[in-house]
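# Chain and residue survey
Spelled out, the chains give:
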Amino acid sequence: MTEAFGNPASVDHRYGEEAAALVEAARAQVADLIGADVEDVQFTTGSTEGIRLALAYAAERAGPGPLRVAVSRGEHDAVLEAVAVAVDEGWASCTWMEVDGLGRVSASEIERALGEGAKLLCLMAANNEVGTIQDLASAAGQAHGAGASLLVDATQAAGRLKISALDHSLDYVVISGHKLYGPKGVGALVSPGLAQAPPPARYRGHAPTANVPAIAGLGEACRLRRVEMAVDEARIRTLRDELQARLLAKVPGLAINGDVAARLSNNLHVSAPGASNDLVVRYLRDTVAISTGAACSSGADAPSHVLRAMRLPAWRQDGALRISLGRSTTTADIERAAAAIAAAIRLAQAASQEAQ
Ligand code: PLP
């Protein structure tokens, strides 16, 4: 912002060159984290734009006619809405892939979608609500075996799990800065052949000026994740397990949602019996920052489409709490949070009993 403030598109002078060098360094840092070639990284304003862009590339690469897209029911709204718009505009059609009770899309569901002619599979690397991790290597194998490609929303997984776009032949991977301790409003789309491909028709025209400070911040965040991820995630997992154990001990009948055998280490998604989650979150508002669902839909009073797709019983949807940890979370935080969350749940349970 203050030292290399040139425009990276103005390389006729030193200022522009300095800024361009920062952007290129960041591109290499993103590529290193995602296991991709440097030239396959395109900066975006975040995952939402990356997803829209990937859909447009996939539609053009698939040739004339609407692109048949298979979408998991557990995908983030950023995917669901991008696909819905493409369908509305007539350049895509949609096939759903159901999730199981743990939030996973099975190989047979993928097979069914490919059998229906899907040319692009949308599968998130890890779910933003329940943390369930999807087996991407086998999904990519299935997709490629049927001549289809794979769009991976890695917003929640990048920087927490090892992802290698090249090793797993992932066709489109999107990441977002703010989910890996980087700046907001910046992200990347990683896709082989991007440098050679002309932008999709919808994106042709003048290229906007790059947000250099945000891009440099994203690059640095990716570098730090690569160095610190393994140690951080192991520590965060231990803290999460401790919080889970404390809550299980304090809240009778508490259910743990998602795939306990394969979930993000920072994720704890629970359901408290007989406690309205809106009420619990409201009681905790000034002490513990947790949510009832995705950040963008919490407060909306609507049931989570992910929990609905997992077919969780009504009480588990109504009492669902999404608790996230991070690298700054401490043991003292866990102790305080466990006590405060359990107390808020008891209050909400009492309130709903009174109401009956
Ligand atoms: N996909 C997932 C799984 C997310 O969690 C989010 C943001 O929360 C997005 C996409 C959207 O990312 P962005 O806000 O960077 O556009």
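Anything mentioned here points back to the structure above.
Residues numbered from 1 in each chain as written. Predicted model: local features only at pLDDT ≥ 70, side-chain atom pairs only at ≥ 80, totals over all residues. Heavy atoms only, no water.

It is worth spelling out helix 3 (residues 77–88) at this point. For helix 3, which comprises twelve residues, the first-to-last C-alpha distance of 16 Å matches the rise-based estimate of 16 Å (1.5 Å per residue) to within 8%. What helix 3 keeps buried is the set Ala-78, Val-79, Leu-80, Ala-82, Val-83 and Ala-86. On the buried face of helix 3, the contacting elements are helix 2 (47–61), strand 2 (67–72), strand 3 (92–97), strand 4 (120–124), strand 5 (149–153) and helix 8 (305–309). Just beyond helix 3, the residue with positive phi is Gly-90, at close to 90°. (Helix = DSSP H or I, 4+ residues; strand = E, 2+ residues; numbered from the N terminus. Expected span 1.5 Å × (residues − 1). Buried < 20%, exposed > 50% of the residue type's maximum accessible area, 1.4 Å probe, protein only. Contact = heavy atoms within 4.5 Å.)

Bringing the sheet that holds strand 9 (residues 267–271) into the picture now. If you trace the three strands from one edge of the open sheet to the other, you get 8-9-10, paired in antiparallel fashion. The strands lining the two open edges of the sheet, one partner per strand, are strand 8 (255–256) and strand 10 (320–324). Pairing of strand 9 with strand 10, which is carried by five bridges, proceeds in the antiparallel orientation. Paired with Ser-271 across the strands is Ala-320, a residue of strand 10. Its contacts with the sheet place helix 6 (residues 212–250) against strand 8, strand 9 and strand 10, and it is angled at close to 15° to strand 9. (Pairing = 2+ DSSP bridges. Axes fitted to C-alpha atoms, helices over the stretch in contact; angles between N-to-C directions.)

Sheet architecture is open: seven strands sit in the order 1-7-6-5-4-2-3, paired in mixed fashion. Two strands close off the open sheet at either side, each with one partner strand: strand 1 (41–44) and strand 3. Neighbour-to-neighbour, the strand axes of the sheet open up by a mean angle of 20°, direction not taken into account. Strands strand 1, strand 6 (172–176) and strand 7 (187–190) of the sheet are contacted by helix 1 (residues 14–34), whose axis makes an angle of about 110° with strand 1. Seen against the sheet, helix 5 (residues 136–145) touches strand 4 and strand 5 and runs at an angle of roughly 150° to strand 5.

All right, on to the site of the ligand then. The full set close to the ligand counts 13 residues, and Thr-48, Asp-153, Gln-156, Ser-176 and Lys-179 are the nearest of them. For the ligand, a nitrogen atom lies 2.6 Å from a polar atom in the side chain of Asp-153. Within the side chain of Gln-156, a nitrogen or oxygen atom sits 2.8 Å from an oxygen atom of the ligand. Isolated, the ligand exposes 390 Å² of accessible area, and the fraction of that covered by the protein chains is 85%. Among the residues forming the shell around the ligand, the class breakdown is two nonpolar, nine polar and two charged. (Near = heavy atom within 4 Å. Polar contact = N/O pair within 3.5 Å; in protein donor to acceptor, adjacent residues only side chain to side chain. Areas by Shrake-Rupley, 256 points an atom, 1.4 Å probe, with all protein chains shown as cover. Nonpolar A, V, L, I, M, F, W, Y, C, P; charged D, E, K, R; others polar.)

Examined against the element boundaries, Arg-240 turns out to sit in helix 6. Between the alpha carbons of Arg-240 and Asn-266 there is a distance of 6.4 Å; along the sequence they are 26 residues apart. Beyond its immediate sequence surroundings of up to four residues, Arg-240 is in contact with Arg-263, Leu-264, Ser-265, Asn-267, Leu-268 and Leu-325. A distance of 2.9 Å separates polar atoms of two side chains, one belonging to Arg-240 and the other to Asp-241. Within the structure, the side chain of Arg-240 is placed 2.9 Å from the backbone oxygen of Asn-267, a separation counted as a polar contact.

Ranked by internal contacts, the top residues of the largest apolar core, which has 55 residues, are Val-30, Ile-34, Leu-121, Leu-170, Val-173, Ile-175 and Leu-218. In terms of residues, this core owes the most to one element, helix 1, which gives seven residues. Once you skip the residues sitting within four places of it in the chain, Leu-170 turns out to touch Leu-136, Ala-140, Leu-150, Val-152, Ile-163, Ser-164, Ala-165 and Pro-192. (Core = buried A, V, L, I, M, F, W, Y, C linked by side-chain atoms within 4.5 Å.)

A few words now on the packing of aromatic side chains. Counted by the stated rule, this structure contains one aromatic pair. Summarising the aromatic geometry, the rings of Phe-5 and Tyr-15 are spaced 5.8 Å apart at their centres and angled 20° between planes, so their arrangement reads as stacked. Separated by ten residues along the polypeptide, Phe-5 in the segment before helix 1 and Tyr-15 in helix 1 bring together distant segments of the chain. In this arrangement the basic side chain of Arg-202 is found over the ring face of Trp-91, its NZ or CZ atom lying 3.8 Å from the centre. (Phe/Tyr/Trp six-rings, centres within 6.5 Å; stacked < 30°, edge-to-face > 60°. Lys NZ or Arg CZ within 6 Å of the ring centre and 35° of its normal.)

Below, the discussion takes up the pattern of salt bridges. It is possible for side chains bearing opposite charge to pair when their charged atoms get close. Tallied over the entire structure, the rule returns 18 salt bridges. For Glu-233, the salt bridge identified is with Arg-225, shortest N-O distance 3.9 Å. Taken individually, Glu-233 and Arg-225 each receive the classification buried, so the pair is uniform in this respect. What you see here is one network of salt bridges that share partners, running through Arg-225, Glu-228, Asp-232, Glu-233 and Arg-327. (Salt bridge = Lys/Arg side-chain N within 4 Å of Asp/Glu carboxyl O.)

Glancing now at unusual backbone geometry. The backbone phi angle of Tyr-181 is positive, close to 65°, even though this residue is not glycine. Tracing the sequence through the fold places Tyr-181 in the loop between strand 6 and strand 7. The class for Tyr-181 is partly exposed, based on a relative accessible area of 40%. With a phi close to 55°, Arg-311 is a non-glycine residue in the positive phi region. Note that Arg-311 resides in the loop between helix 8 and helix 9 (314–318).

This next bit is on the environment of Leu-321. As for its placement among the helices and strands, Leu-321 is situated in strand 10. C-alpha separation for the pair Leu-321 and Val-130, spaced 191 residues apart in sequence, amounts to 9.6 Å. Filtering out sequence-adjacent residues up to four positions away, Leu-321 remains in contact with Leu-268, His-269, Val-270, Asn-277, Val-280, Val-281, Ile-290, Ser-291, Ile-341 and Ile-345.

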